[in-house]
Amino acid sequence: MAEVRIRSYGPADRAAGLRLWGELVRQEQELYGEESYGTSFEEYLTRLELSGVWVADHDPDGVIGLAGLVLDGARGRVEPVVVTARHRGRGVGRALLRQVAEHAGRRGLRQLLVAPQTRNQAALRCLHAAGYDRLAAVELAMDLGDARRSAAPPVGLHDLQFRS
């Protein structure tokens, strides 16, 4: 695989950012039947608490990944992390996450949080490999109405079983 360079997002990356954002929304709809990114890419870029956005630039394919850091007091939230389907599983996401962590460290943040969906096992594996191995919070959901059932096995936590 050709070298991937992680760099700050710039105005010339708008089309690639829109494409990656669209891919993120489509993936969420496929996995969960809904999207959790209720904003557009342009709205995301105007968030006051957004500290930075980085892209993974690959020769010859151009921008193949994107990650952002949102400030939350002395902590930061990594959102989103998206790598185009063709380049997933090749370390691009981990490289983006390293860049975000370096930036957060320079800003003096004490902790980085990321909130993947429990059904996205590939994302969980990537995040774990990148050092996100501490459970910081658990968010539970109750389905009301016509809830889609996941074929994923239940997840155990403190002797309790949860659907994902």
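Everything quoted here is computed from the prediction, not taken from an experiment.

**Q** Hey, could you run me through helix α3 (residues 92–106) in this one?
**A** Every α-helix carries 3.6 residues per turn, so stepping three or four residues along brings you back to the same face. Here α3 spans 22 Å end to end across 15 residues, near enough to the 21 Å set by a 1.5 Å rise per residue. Within the span of α3, buried status applies to V92, G93, A95, L96, L97, Q99, V100, H103 and A104. Tucked into the core, α3 has its buried residues touching β1 (4–8), β2 (50–58), β3 (62–72), β4 (75–83), β5 (111–113) and α4 (121–129). Remark: G108 follows α3 within two positions and exhibits a positive phi of approximately 80°.

**Q** So what exactly am I meant to see when it comes to unusual backbone geometry here?
**A** In terms of backbone geometry, most residues other than glycine have negative phi values and most peptide bonds are trans. Put simply, D59 and P60 share a cis peptide bond, and its omega is 20°. A cis amide bond links E79 with the next residue in sequence, P80, at an omega value of -10°. Despite not being glycine, H158 has its phi angle at roughly 50°, a positive value. Tracing the chain through its elements places H158 in the loop between β6 (155–157) and β7 (160–162).

So, how was this worked out
- Residues numbered from 1 in each chain as written.
- Predicted model: local features only at pLDDT ≥ 70, side-chain atom pairs only at ≥ 80, totals over all residues.
- Heavy atoms only, no water.
- Helix = DSSP H or I, 4+ residues; strand = E, 2+ residues; numbered from the N terminus.
- Expected span 1.5 Å × (residues − 1).
- Buried < 20%, exposed > 50% of the residue type's maximum accessible area, 1.4 Å probe, protein only.
- Contact = heavy atoms within 4.5 Å.

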